[in-house]
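What follows is each chain in one-letter form.
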Amino acid sequence: THAPSGARRRRRHTTHQAIQECRPAFCMVDGKPILFLPVQSRDQVVGVLRLTKASGEGQDDWGEDEIELLDTISSQIGTALDAARLYQDTQRAAAREQVAGEVTARIRQTLDMQTVLRTAVEEIQRHLNLPEVVISLSAPGEPAEETDEA
C-alpha cells in the first residue's frame, strides 16, 4: 500500500532535513514515530536510514540509548559502503593492469615493427571489444600516418 501524499511529503521533508543538517530527524506518520538517520561515507551524506516504530506519541518514543545505537549502526553502514567502494575501485584498477600487462606481453613477443603494431591493434580490439583500432606513427616534424589497423 502507498502512503497518502501528505505522509510521503512529511517523510521526504524529514529525509531532506536529516541530510541537510547531518543529524537525526523525526516525524509522525499515521501515529507511528519515524526516525531518520543520515548515512555518511567519506564525510558526505550518501543516504538515510529510516526507522519506524509500530506506534507511539512522537520523538520521545525513541530512547537516547536507542538513537545512539542506531546512529552507530548508521556510521557502520557508511564505513561498509566506503570499504565496498574502495574494493570495487581496486578491482577495476587490477583488471586494467591485467589487460595492460597481457597486451604489453603480446606486443613484446616480436621485434618486427609491423608485427608489434598489428599485435597491439588486435589485442586492444580483443580486450576492449572495439570494431576499429588505428595506430598512427609519425617521424619527428612530420604528420602521423596510419600504419596499422583492424
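Keep in mind the model is a prediction, meaning the values are calculated, not measured.

Details of the nonpolar core
Residues Leu35, Leu37, Val39, Leu49, Leu51, Trp62, Ile67 and Leu70 constitute the largest nonpolar core, which totals 8 residues. For this core, the secondary-structure elements that each account for two or more residues are strand E2 (32–41), strand E3 (44–52) and helix H2 (64–107). Broken down by element, the residue count for this core peaks at 3 residues, all from E2. Here Leu35 is in contact with Pro24, Ala25, Phe26, Leu49, Arg50, Leu51, Trp62, Ile67 and Leu70, once residues within four sequence places are set aside. Within the second largest apolar cluster, 7 residues are counted, among which are Ala7, Ala18, Ile34 and Phe36.

Considerations on the pairing of E3
Note that E2 and E3 share 8 bridges and pair antiparallel. Its bridge partner lying in E3, Val39 is registered against Gly47.

Considerations on unusual backbone geometry
Its identity is not glycine, yet Cys22 carries a phi of approximately 50 degrees, on the positive side. Topologically, Cys22 is positioned in the loop between helix H1 (5–21) and strand E1 (25–29).

What counts as what
- Residues numbered from 1 in each chain as written.
- Predicted model: local features only at pLDDT ≥ 70, side-chain atom pairs only at ≥ 80, totals over all residues.
- Heavy atoms only, no water.
- Core = buried A, V, L, I, M, F, W, Y, C linked by side-chain atoms within 4.5 Å.
- Buried < 20%, exposed > 50% of the residue type's maximum accessible area, 1.4 Å probe, protein only.
- Helix = DSSP H or I, 4+ residues; strand = E, 2+ residues; numbered from the N terminus.
- Contact = heavy atoms within 4.5 Å.
- Pairing = 2+ DSSP bridges.

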